[in-house]
Amino acid sequence: MDIAVIGAGYVGLVAAVCLAKSGHMVTCIEKDKNKIEMMDRGHTPFFEESLDELLKTALMTERLDFKQALSEVKWPEIIIVAVGTPTLPGGRVDLSQVNMALAEIAGFSKPVTVVMKSTVTPGTGRRLKEKYLRNNNQQYVSNPEFLREGRAVYDWFNPDRIIIGGDRKAAGQLMEIYSDIDAPVILTDITSAEMIKYSSNAFLATKISFINEIANLCEYVGADIDDVTNGLGMDRRIGKDFLKAGLGYGGSCFPKDTRALDYLSSVNGYNFSLLRAVIDVNNKQKLRVIQKLRWVLGDISGRNVAVLGLAFKPGTDDIRESPALEIINLLAEEGVQVAVYDPVALPKACSHLLNHVICSDSAEQAISGSHAVILTTEWEQFIKLDWQKLKELMKEPYLIIDGRNCLPAEKLRQFGYRYIGIGRLAE
């Protein structure tokens, strides 16, 4: 099929490259000329596992090209909208890029199926269809994405389910682009498809905030969160996924979507108190790291602290809503000498940090001379560091605060570290 994808971000570029791999002819629309030049050379503007390789293959087979405007494209059968929908103050979703895309599509009278992959609040698609797509040849389908950053290509070809919101004619055409994917398909109306996306993310965010609250309670009563989550996760009604205590959720989806759902509830006259508690817990969780630092060091002004990890999760360079950035800047504001390192996200992150924060070239350089190390992203290379040797670079009290509970606590204590995790038993 001939497909156009509007937007070359985390969702749009993955969709375009994967559709090209499946044999479709794809044109990806991106306004930024510099990004187009980069992608035409086979380089992605963000880090995502195996995406560079697939992009080069798609370009080589001439199944993918890039344009700056939809008007430059031979009119396709399907147009996928994958533009940004950032959150405005108060939680409302900014639909300006979506509206611009739909307005441009509406200017053409040729038959087309518009597929909305941008995350829009429930009820938006119905209004967009009524406003822009009154031509009977123009169909609208809500087809939310459930791609994990760092695993997006895998998730595209191995989804848990495919959600399609729209009438059966439009849904049938859309199914052609998924003909090589084996997954359950749920056909529903537009608004229900949008609600599935939001409720999925809200539920997962709830599991994260819940287990962080349990971890915090474990610290007060003397329980071990690792044993607790193991016992919880064995219950098939609960499951192990997203039951990992830490610094809370970040990234482009959970913070934005929970705030947007809370806003949607408020403007419709409903008080979603559970969701607000989830958001509140997550906002406070990252601050507990600073509390732990004070418990051990006392006055933290003038102390040297290394922070390992800037991306909100391993496998990506995405720093949006990363707990690490807020922790680092709060420490720097309190007079802490902060050195940071991340194997992938460092170039993106440094411009978001206060000027006197030191961006290091390696984990060893960041750790050298530090009184404490805070691990904020569970990159595999951090776990595999020679921690016994690294202790020689540090100063007393040789404190490690493991914000992701990914380091071997007992071994580090044997090396002479003061180790503190999240909800783990104290030494």
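Residues numbered from 1 in each chain as written. Predicted model: local features only at pLDDT ≥ 70, side-chain atom pairs only at ≥ 80, totals over all residues. Heavy atoms only, no water.

## A few points about the nonpolar core
If you look at the biggest cluster of nonpolar residues, it comprises 52 residues, and the most contacted ones within it are Leu293, Leu308, Ile328, Leu331, Val340 and Trp387. In this structure, Leu308 is in contact with Tyr341, Ala363, Ala366, Ile367, Val373, Ile374, Leu375, Thr376, Thr377, Phe382, Leu385 and Trp387, ignoring residues within four places of it in sequence. Ile3, Tyr10, Val17 and Cys18 belong to the second largest nonpolar core, which has 45 residues in total. (Core = buried A, V, L, I, M, F, W, Y, C linked by side-chain atoms within 4.5 Å. Buried < 20%, exposed > 50% of the residue type's maximum accessible area, 1.4 Å probe, protein only. Contact = heavy atoms within 4.5 Å.)

## Here we look at empty space enclosed by the protein
Counted according to the given criterion, the structure contains one cavity of 30 Å³ or more. There is about 60 Å³ of room inside the largest cavity. Around the largest cavity, the lining residues are Met116, Lys117, Ser118, Thr119, Val120, Ser142, Asn143, Pro144, Glu145, Glu194 and Lys197. Its residues assigned to classes, the lining of the largest cavity shows three nonpolar, four polar and four charged. (1 Å grid on protein atoms, 1.4 Å probe; cavity = no way out; pocket = protein on both sides within 12 Å on 5 of 7 lines; lining within 4 Å. Points joined across faces, edges and corners; volume = space filled by probe spheres on them. Nonpolar A, V, L, I, M, F, W, Y, C, P; charged D, E, K, R; others polar.)

## Remarks on unusual backbone geometry
Cis rather than trans, the peptide bond between Glu396 and Pro397 has omega equal to 15°. Along the chain, Pro397 turns up in the loop between helix H17 (387-390) and strand E13 (399-402). A positive phi angle is found at Glu62, which is not glycine, with a value near 60°. With relative accessibility at 65%, the residue Glu62 sits in the exposed group. (Helix = DSSP H or I, 4+ residues; strand = E, 2+ residues; numbered from the N terminus.)

## Some words on the packing of helix H11 (residues 273-285) against helix H12 (residues 287-297)
For the pair H11 and H12, the least separation of the axes is 5 Å and the interaxial angle reads 35°. Counting all contacts with H11, which are made through Asn283, Lys284 and Gln285, the residues of H12 involved are Leu287, Arg288 and Val289. Taken together, the residues that form the contact of H11 with H12 break down as two nonpolar, two polar and two charged. (Axes fitted to C-alpha atoms, helices over the stretch in contact; angles between N-to-C directions.)

## What about the packing of helix H8 (residues 190-221) against helix H10 (residues 254-267)?
Look at H8 against H10: their axes get within 9 Å of each other, and the N-to-C directions meet at 110°. Accordingly, the angle class assigned to the pair H8 and H10 is roughly perpendicular. Seen from above, H8 lies across H10 with left-handed handedness. Residues Met195, Lys197, Tyr198, Asn201, Ala202, Leu204, Ala205 and Ile208 of H8 lie in contact with H10, whose contacting residues are Phe254, Asp257, Thr258, Ala260 and Leu261. The residue makeup of the contact of H8 with H10, split by class, is nine nonpolar, two polar and two charged. (Parallel < 35°, antiparallel > 145°, perpendicular 65-115°, else oblique. Left-handed = near helix turned anticlockwise from the far one by under 90°.)

## A short note on a nonpolar patch on the surface
A contiguous nonpolar patch, built from Leu217, Tyr220 and Val221 and spanning about 370 Å² of accessible area, is present on the exposed surface. Relative to the assigned elements, Leu217 resides in helix H8. By relative accessible area, which is 47% here, Leu217 ends up partly exposed. (Patch = residues over 30% accessible without salt bridge, like charges linked within 9 Å, V, L, I, M, F, W, Y side chains within 5 Å. Areas by Shrake-Rupley, 256 points an atom, 1.4 Å probe, with all protein chains shown as cover. Salt bridge = Lys/Arg side-chain N within 4 Å of Asp/Glu carboxyl O.)

## Digging into the pattern of salt bridges
Under the counting rule described, the total for this entry stands at 22 salt bridges. Here Asp257 ties to Lys256 by a salt bridge, and the two come within 3.3 Å at their closest N and O atoms. Asp257 gets classed as buried once you look at its relative accessible area, which sits at 2%. The buried category is assigned to Lys256, whose relative accessible area is 13%. A salt bridge links Lys348 to Asp317, with the shortest nitrogen-to-oxygen separation between them at 3.3 Å. One end of the pair, Lys348, is in helix H14 (residues 346-349); the other, Asp317, is in the loop between strand E9 (304-308) and helix H13 (323-333), and 31 residues separate them in sequence. Salt bridges sharing common partners tie together Glu149, Asp318 and Arg320.

## Looking at the state of the cysteines
If you walk through the whole model with that rule in mind, you get one disulfide. Covalently, Cys350 is tied to Cys359 through a disulfide, its sulfur atoms 2.0 Å apart. Since a negative S-S torsion denotes a left-handed disulfide, the Cys350-Cys359 link at about -140° is left-handed. The closest cysteine sulfur to the non-disulfide-bonded Cys18 is located on Cys28, 12 Å from its own sulfur. Judged by relative accessible area, which is 0%, Cys18 ranks as buried. The buried category is assigned to Cys28, whose relative accessible area is 0%. (Disulfide = S-S within 2.5 Å.)

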